[in-house]
Amino acid sequence: MLKALFLTMLTLALVKSQDTEETITYTQCTDGYEWDPVRQQCKDIDECDIVPDACKGGMKCVNHYGGYLCLPKTAQIIVNNEQPQQETPAAEGVGAAANAAATSSTGTGGVAASGMAASGVVPGGGFVASAAAEVQTGRNNFVIRRNPADPQRIPANPSHRIQCATGYEQSEHNVCQDIDECAIPPYCHQRCVNTPGSFYCQCSPGFQLAANNYTCVDINECDASNQCAQQCYNILGSFICQCNQGYELSSDRLNCEDINECETTNECREDEMCWNYHGGFRCYPRNPCQDPYVLTSENRCVCPVSNAMCRELPQSIVYKYMSIRSDRSVPSDIFQIQATTIYANTINTFRIKSGNENGEFYLRQTSPVSAMLVLVKSLSGPREYIVDLEMLTVNSIGTFRTSSVLRLTIIVGPFSF
């Protein structure tokens, strides 16, 4: 009887000793957990409450199983809790390394969950960032599926995905970075300008964006903004100017300058004089005088007083030449006639003697010895007009009368430039 009682007491002592050892073992929790004496199991530590200034750089602290995350304050966190079947048991092993990785932070203001970057999962807590199909996300939205896991271990092949806004992609450090669309041809036809989260296309000079904002199409400068003085030819991405016959391009490659053929390619005979006009030239006789007139000086013909035929003719005829552009604006003063010899006690009057049958001209006397020829109708060329301007001179008592003619040849060029 005594022997049986002794064996029973020894057994109870051994059982009590084993219970004590198991209790000590269970109170040893992984880093990031602490023993709950009421529930008799390990529970998660909320580091965001107990760690002073846990996140730096304006980040906010988000607690999770066995650690915490540092995320931008603008981040919207959507947590999908999947409740575990049982609380996390106490364990030894990798807890310290997991918690150290989870609580590391960045100094640059980015997402401070470096434990996620290192392992793809929040150490000890199974906080897996992924794009949940049932959740609509936008810029700075973090979709987190929370799967409480065994804090004793870190999954061997974790996955970590963050949802980035359009124009951004996940970097190797698990932050959203801008996509350089310009480095991924062929977004733009010619030039690409990258911007944060987007891009836009530009065209080279001479081109413009089509309606799709990608393709560049040629601008027809000859239709849109013709800068050429005469002829414009559109080419791909540009244009060229050309000049009509008798003109050449000026140094600005836009305007045209008249070619003085009398200086470059004089084709007149020796007994002819060359007269250049806008867009061409003409040859006139060096001696324009017709009988009974004789040449006394260049372009001046005089009728001798000794010749009876001269009594009813102008005393002299002076030949002059001028050129004007086609379609010149009117009214316009174009030529002035003036007496070369002034007699005392005489009166001078001026008139158009011939060459004005259609009334294109008007002669306005400007002083006792001069008059101005006025163009009153627009002229189109190429055309030549010969206008005789006569000056009548009489003395005050009417005993002396004479006249002289200025024969003006007006050459109207073929162009209005």
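All of these numbers come straight from a predicted model, not from anything done at the bench. (Residues numbered from 1 in each chain as written. Predicted model: local features only at pLDDT ≥ 70, side-chain atom pairs only at ≥ 80, totals over all residues. Heavy atoms only, no water.)

## Examining the overall build of the protein chain
Test applied: In this description a helix means any DSSP run of H or I spanning at least four residues, a strand means any run of E spanning at least two, and both kinds are numbered starting from the N terminus. For the exposure calls, accessible area comes from a 1.4 Å probe over protein chains only, and a residue counts as buried if that area is under 20% of its type's maximum, exposed if over 50%, partly exposed in between. Any pair of residues with heavy atoms lying within 4.5 Å of one another is described as a contacting pair. Each accessible area value is a Shrake-Rupley result obtained with a 1.4 Å probe; residue values ignore everything except the protein chains displayed when judging cover.
Summing up its helical and strand segments, the protein chain has six helices and 28 strands in all. Per-residue burial over the protein chain gives 37% buried out of 417 residues. Across the protein chain, the fraction of contacts at a sequence separation of at least 24, relative to all contacts at a separation of at least 6, is 46%. In the form shown here, the protein chain has an accessible surface area of approximately 24,800 Å², with 50% of it arising from carbon and sulfur atoms.

## So, the nonpolar core
Under the convention used in this document: Here, the term nonpolar core denotes a set of buried Ala, Val, Leu, Ile, Met, Phe, Trp, Tyr and Cys residues that are joined through side-chain atoms within 4.5 Å.
Residues I334, F335, F361, L373, L389 and I410 are the most contacted members of the largest nonpolar core, which totals 22 residues. With residues up to four places along the chain from it excluded, the contact list for L389 reads F335, I337, R351, I352, L363, L373, S404, V405 and L406. Counting 13 residues, the second largest nonpolar core, distinct from the first, contains M273, Y284, C303 and I411.

## Things to note about the sheet that holds strand β23 (residues 332-338)
Just so we agree on the cut-off: Pairing between two strands is assigned when DSSP locates at least 2 bridges connecting them. What counts as an axis is a line fitted to C-alpha atoms, over the stretch in contact for a helix, and the angles between N-to-C directions run from 0 to 180 degrees.
Read across the open sheet, the three strands follow the order β23-β26-β25; overall the sheet is antiparallel. Every interior strand has two partners, whereas the edge strands, β23 and β25 (361-367), have only one. Ignoring strand direction, the axes of neighbouring strands in this sheet form an average angle of 25°. In this structure, β25 lies alongside strand β26 (residues 370-375), joined through six bridges in antiparallel fashion. In the strand pairing of β26, F361 is matched with L375.

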